[in-house]
Amino acid sequence: MHSTVPHRHWVNVPIASIEDLSDAVYDAGLEATQMSADALSGSLVFAEDHGIIYGSGYIGGTVALTGPLSMDKITFGLGLDIRPGTWHWMTERRTGDIGVFLPGDEHDSRYTPGSLYATLTLDAELLEEQAAREEVVLDSKTLGGTRFHTRRLTDLVIGQLRQQFEGIHRGVAGGRPFDVDVGEVMLRTVIDHFGRAPFCYGPPASYNVHARIVDRARSYIRDHLDESISVDAVAAAAFTSRRTLFRAFAEMLDDTPHTYVRRLRLHRIRHDLASEAEKPRTIALIANEWGMGDLGRMAGWYRELFGELPSKTAARAHGSADGPESKGQ
C-alpha cells in the first residue's frame, strides 16, 4: 500500500476499509479480517528517522491480523491502550505489554475497538549498534525469539507515549514533523526491556588487546573509505567479533564504528571542498564519492561536526559568497 515514508514527517492512513489494515505495521502486507459488521474507523501513522521506522495504529473495529510483520527487519510492538478481548496467539494482551517480532516469524492477533498500539522497526545491525551505545547487548540471541516480554511498560512510559500518539493520530493530516522525543522514548524502552549487561568470562579485555583491534579496524576503514563499509567487514579485518569491536571502539575512541567512519568521510569531504583542484566539482559529487549520497543528512552531520554548512567551507576556500544554506549544500 505504501511506497516510501517521508523522512521525519508523519504520514496518515485513515482506516476506511479492512484492506487498509494490511499495513497495520508499515509495509507488512498482513492478512486482515474484519470480525464484526460494524464500520471500521481509526488511522495508521508512520514516520522514519535515521533508519528506524516508527508506526502506530488506532483501531476502531474488531479485526484479526496474521502474517509476518517484516521479512528482513525486527519489529517491536508496544501496547499503549489495549482494550479487553485483544489477544496475540490466543493469549489476551493488556495495556503495557511489549513484544518483539523477528523477521519472517508469523504474527497472529485480534484487536478490539479503541485499541492503540505503537511499533518500531529496524535492522538487527542498527539495533545492536544502538544498544552498544547504552553499553548493553541486544542481539538475536539476547532477544530470544518472537515473544512478549514478561515485564510490562511502566505507567510513566505508557502515559507519555499514549499522549503523544493520541495527538499524532488527531493532528497528523497536514504532515506533522516527526517528534524526536517519541523515537528516543520508544528506543530506550525497547533497549531497557530486552537488552542485558555484557557477560564477563574471566578478566576483562586488556587495553592492549582493544588497541590492536582498533588499530587494525582503522587501517581497514582508511583503505576502504570510498567503498561501502559494513560492521561485519570491519570486525573481520580486525580479527574480532562485532560485539568486541564495539567495545574496543568505545574504550579506545569513545565512539562507534559507524560514527567513526562517518566522521572520517566528513573530514575527507571537507578537505576536498577546500581543494583548488576540486573547485569545479559540486558538493553532491564530492559527497557521493565518499559514500554519502543523502546530501541533506550529510549537510546536517557536517554542520554538527564543523559548525558550518559545506557550502560555507567551499565559499571561504574559493573566495566566493556563501551558498544557499536552505539547500543543505
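Everything numeric in this text was worked out from a predicted model, so none of it was measured.

*Asks:* Looking at this structure, I do not really get the overall build of the protein. What am I missing?
*Replies:* Looking only at helices and strands, the protein features 11 helices and 12 strands. Here the protein, with 329 residues, has 47% of them falling under the buried criterion. Across the protein, the fraction of contacts at a sequence separation of at least 24, relative to all contacts at a separation of at least 6, is 71%. If you sum the accessible surface of the protein, you get close to 15,900 Å²; carbon and sulfur atoms cover 50% of it.

*Asks:* Looking at this structure, I do not really get the pattern of salt bridges. What am I missing?
*Replies:* Where side chains of opposite charge bring their charged atoms close, a pairing between them can arise. Taken as a whole and judged by the stated rule, the model has 14 salt bridges. Note that R243 is salt-bridged to D139, the shortest N-O span being 2.3 Å. Highlighted residues: R243 in helix α7 (residues 242-253) and D139 in the loop between α1 (124-133) and α2 (140-143), separated in sequence by 104 residues. We classify R243 as partly exposed; its relative accessible area is 28%.

*Asks:* Would you take a moment to explain α1 for this structure?
*Replies:* Owing to its 3.6 residues per turn, the α-helix aligns residues three or four sequence positions apart on the same side. Of the positions making up α1, those classed as buried are L126, L127, E128, E129, Q130 and A131. Two residues or fewer past α1, E135 is found with a positive phi of approximately 60 degrees.

*Asks:* Sorry if this is basic, but what is going on with the sheet that holds strand β8 (residues 91-92) here?
*Replies:* Pairing between the strands of a sheet is mediated by backbone hydrogen bonds and can be parallel or antiparallel. The antiparallel open sheet is built from 5 strands, whose spatial order is β2-β5-β10-β7-β8. Edge positions in the open sheet fall to β2 (31-34) and β8, since each of these has one partner strand only. Where β2 lies against strand β5 (residues 63-68), 4 bridges are found, and the strand directions are antiparallel. Bridge pairing in β5 places Q34 opposite V63.

*Asks:* So what exactly am I meant to see when it comes to the packing of aromatic side chains here?
*Replies:* On inspection of all chains with the given rule, the structure shows 9 aromatic pairs. Each ring, one from W89 and one from F148, has its centre 5.9 Å from the other, and the planes form 75 degrees; the classification is edge-to-face. Here W89, found in the loop between β7 (87-88) and β8, pairs with F148, found in strand β12 (residues 147-148); they are 59 residues apart in sequence, far enough to count as distant. Taking relative accessible area as the criterion, W89 reaches 31% and is therefore assigned partly exposed. Aromatic pair Y111 and Y117: ring centres 5.5 Å apart, planes at 35 degrees, arrangement tilted. Y117 carries the same exposure label as Y111, and that label is buried. Three or more aromatic residues link up through ring pairs in this structure, and these residues are W89, F101 and F148. Just above the ring of F148 sits the side chain of R93; from NZ or CZ to the centre is 4.0 Å. Lying across the ring of W301, R262 places its NZ or CZ 4.3 Å from the centre.

*Asks:* How should I be thinking about the packing of helix α3 (residues 155-171) against helix α4 (residues 180-194) in this particular structure?
*Replies:* If you want to describe how two helices pack, look at the angle between their axes and the distance between the axes. Taken N-terminus to C-terminus, the directions of α3 and α4 make an angle of 140 degrees; their axes are 11 Å apart at the nearest point. Here α4 runs oblique to α3, going by the angle between their axes. Considering how the two elements wind past one another, α3 and α4 form a crossing that is left-handed. Along its contact with α3, which presents V157, Q160, L161, Q164, F165 and I168, the element α4 presents D181, V182, V185, M186 and T189. Classifying every residue of the contact of α3 with α4 by side-chain character gives 7 nonpolar, 3 polar and 1 charged.

*Asks:* Quick question: what am I supposed to make of the sheet that holds strand β4 (residues 52-59) here?
*Replies:* Here we have 7 strands laid out as an open sheet, ordered β1-β3-β4-β11-β6-β9-β12, and antiparallel in their pairing. Whereas interior strands pair on both sides, the edge strands pair on one side only; in this sheet they are β1 (11-14) and β12. Alignment of strand β6 (residues 74-81) against strand β11 (residues 115-122), held across 7 bridges, turns out to be antiparallel. In the sheet register, F76 faces β11, and the bridge partner there is L120. Lying on the sheet, α3 is in contact with β1, β3 (42-49), β4, β6 and β11; it crosses β6 at an angle near 90 degrees. Sheet contacts for α4: β4, β6, β9 (98-101), β11 and β12; angle to β9, the most-contacted strand, approximately 80 degrees.

Calculation notes
Residues numbered from 1 in each chain as written. Predicted model: local features only at pLDDT ≥ 70, side-chain atom pairs only at ≥ 80, totals over all residues. Heavy atoms only, no water. Helix = DSSP H or I, 4+ residues; strand = E, 2+ residues; numbered from the N terminus. Buried < 20%, exposed > 50% of the residue type's maximum accessible area, 1.4 Å probe, protein only. Contact = heavy atoms within 4.5 Å. Areas by Shrake-Rupley, 256 points an atom, 1.4 Å probe, with all protein chains shown as cover. Salt bridge = Lys/Arg side-chain N within 4 Å of Asp/Glu carboxyl O. Pairing = 2+ DSSP bridges. Phe/Tyr/Trp six-rings, centres within 6.5 Å; stacked < 30°, edge-to-face > 60°. Lys NZ or Arg CZ within 6 Å of the ring centre and 35° of its normal. Axes fitted to C-alpha atoms, helices over the stretch in contact; angles between N-to-C directions. Parallel < 35°, antiparallel > 145°, perpendicular 65-115°, else oblique. Left-handed = near helix turned anticlockwise from the far one by under 90°. Nonpolar A, V, L, I, M, F, W, Y, C, P; charged D, E, K, R; others polar.

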